[in-house]
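# Reading the structure
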Amino acid sequence: SRLILKAENLKQHYHVKQGLLKPEVTVKAVDGISFNLEKGKTLAVVGESGCGKSTLGRMLTMIETPTEGRLAHLGEDLLTLTKDAQAKLRQKIQIIFQNPYGSLNPRKKIGSILEEPLVINTSLSKSERKEKALSIMEKVGLKAEHYDRYPHMFSGGQRQRIAIARGLMLDPNVIVADEPVSALDVSVQAQVLNLMMDLQDEFGLSYVFISHDLSVVEHIADDVMVMYLGKVVEQGSREQLFENPKHPYTLALLSSTPQLSPEKRRQRIKLEGELPSPLNPPSGCAFNGRCAYANDRCRSETPTLRLDSSEEQEQGHLIACHAVAEKRIGTLVEGAA
Ligand code: SF4
Ligand code: MG
């Protein structure tokens, strides 16, 4: 399988002034994230709002420049390219946002919204642009007559189809989708997810699918990354994360997801308290204030993301937790038995 996007130790650290007399604080919005994304695959990035997942999405699409790390698209390092080469490559990595209405210009017709990226980035003629727009509209389930309509004439689900169509106009390899169905009714969510999966198959797209909702992720992900306060706490295949979750935070997220099967919610871990302020993160493991397994080591030493030693056969399942490393906690299923 072909490696499309490779991220190595990506970081986004902001320097925040808290007031005239207080010292500057470093906020580690994203703090060392690595992954490989292959052609036609979906990496889901999961976590509560404020965990850094949207910042990660903006870095992957170069809306924000990482403060550290490496990002390669088809082996080409995106961060060291000239501005021109970056702009060219950026076309291959598109982003779709949660609110399709906010991201569509209300004064423009669908046709011109879709053709705008072609006007800016290609030398296609007017008729070629229209032909391309109509063919992509058909792929996303829009009709030719929609070409001359305005965004407000469409439902939320249709508007998200328009946003997806716009993302496809430049034949991208990667689509970063930041909560693409969170604003939609549950019945419409399934339609848009199915559309995204069909388009993935047809065009060989790779997705980075950002979501707080594990029940959505379970449908679409090949690999899953769970983030907490800028760091990955657990990373692995969909099967590893859903059938054999290990990190207490992952367990808590799973047990608070009502749409998942009761079996997967057997070990009930209630997620108490709030995400700590990134301005003043806890020392040690950032989850220690909310974790039933926290001990002194957890409060002083930050756990590193590493393979679980008890499962050599499970390639690539990474967990950042002292209790898992010390075998103080078992798997979801063992815990429930
Ligand atoms: Fe809980 Fe400690 Fe594991 Fe953090 S390292 S998740 S506090 S057990
Ligand atoms: Mg797939």
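Residues numbered from 1 in each chain as written. Chains lettered and ligands numbered in written order. Predicted model: local features only at pLDDT ≥ 70, side-chain atom pairs only at ≥ 80, totals over all residues.

The protein appears in an unreviewed UniProt entry as ABC transporter ATP-binding protein from Marinomonas transparens.

On to the sheet that holds strand β1 (residues 3–16). If you trace the four strands from one edge of the open sheet to the other, you get β2-β1-β4-β5, paired in antiparallel fashion. This sheet does not close on itself; its edge strands, each paired only once, are β2 (25–38) and β5 (76–77). In this sheet, β5 lies alongside strand β4 (residues 68–73) in antiparallel orientation, the contact comprising two bridges. Bridging across to β5, Ala72 finds its partner in Asp77. (Pairing = 2+ DSSP bridges. Helix = DSSP H or I, 4+ residues; strand = E, 2+ residues; numbered from the N terminus.)

Take helix α9 (residues 248–255) next. α9 sits mainly inside the fold: seven of its eight residues count as buried. Listing the buried residues of α9 in full gives Pro248, Tyr249, Thr250, Leu251, Ala252, Leu253 and Leu254. (Buried ≥ 20, exposed ≤ 12 C-beta atoms within 10 Å, placed from the backbone.)

Where helix α3 (residues 110–121) contacts helix α4 (residues 126–139), the axes come no closer than 9 Å and their chain directions differ by 120°. The handedness of the crossing between α3 and α4 comes out as right-handed. On the side of α3, the interface is formed by Gly111, Leu114, Glu115 and Leu118, while α4 contributes Arg129, Lys130, Lys132, Ala133 and Ile136. Class assignment of the residues belonging to the contact of α3 with α4 gives a composition of four nonpolar, one polar and four charged. (Axes fitted to C-alpha atoms, helices over the stretch in contact; angles between N-to-C directions. Left-handed = near helix turned anticlockwise from the far one by under 90°. Contact = placed C-beta atoms within 7 Å. Nonpolar A, V, L, I, M, F, W, Y, C, P; charged D, E, K, R; others polar.)

To continue, consider the sheet that holds strand β10 (residues 231–237). Spatially, β6-β7-β8-β3-β9-β10-β12-β11 is the arrangement adopted by the eight strands of the open sheet, whose pairing is mixed. Of all strands in the sheet, those bounded by a partner on one side alone are β6 (93–96) and β11 (306–307). Bridge analysis of strand β7 (residues 174–178) against strand β8 (residues 206–211) gives five bridges, and the strand direction is parallel. When the bridges of β8 are listed, Asp178 appears paired with Ile210. Here helix α1 (residues 53–60) sits on the sheet and contacts β3 (42–46), β6, β7, β8 and β9 (223–228); the angle it forms with β8, its principal contact strand, is near 155°.

Here we take up the environment of Ala144. Along the chain, Ala144 turns up in the loop between α4 and α5 (156–168). The class of Ala144 is exposed, set by 11 C-beta atoms lying within 10 Å. In this structure the C-alpha to C-alpha distance between Ala144 and Ser187, which are 43 residues apart in sequence, comes to 25 Å.

Right, let's talk about the site of ligand 1 for a bit. Taken together, the residues surrounding ligand 1 are Pro248, Cys285, Phe287, Asn288, Cys291, Tyr293, Ala294, Cys298, Pro303, Cys321, His322 and Ala323. Partitioned by chemical class, the residues of the shell around ligand 1 number 10 nonpolar, two polar and no charged. (Near = placed C-beta within 6 Å.)

So, about the nonpolar core. Within the largest apolar cluster, 80 residues are counted, with the highest numbers of intra-cluster contacts made by Ala44, Val46, Val208 and Phe209. When residues no more than four places from it in sequence are discounted, the contact partners of Val208 are Leu37, Leu43, Val45, Gly57, Leu60, Val174 and Val176. (Core = buried A, V, L, I, M, F, W, Y, C linked by C-beta atoms within 7 Å.)

Per-chain confidence: the protein averages 91 in pLDDT, with 93% of residues scoring 70 or above. A low-confidence stretch, residues 332–337 (pLDDT under 50), is modelled with eight contacts involving residues beyond four sequence positions or located in other chains. (pLDDT = per-residue confidence, 0-100.)

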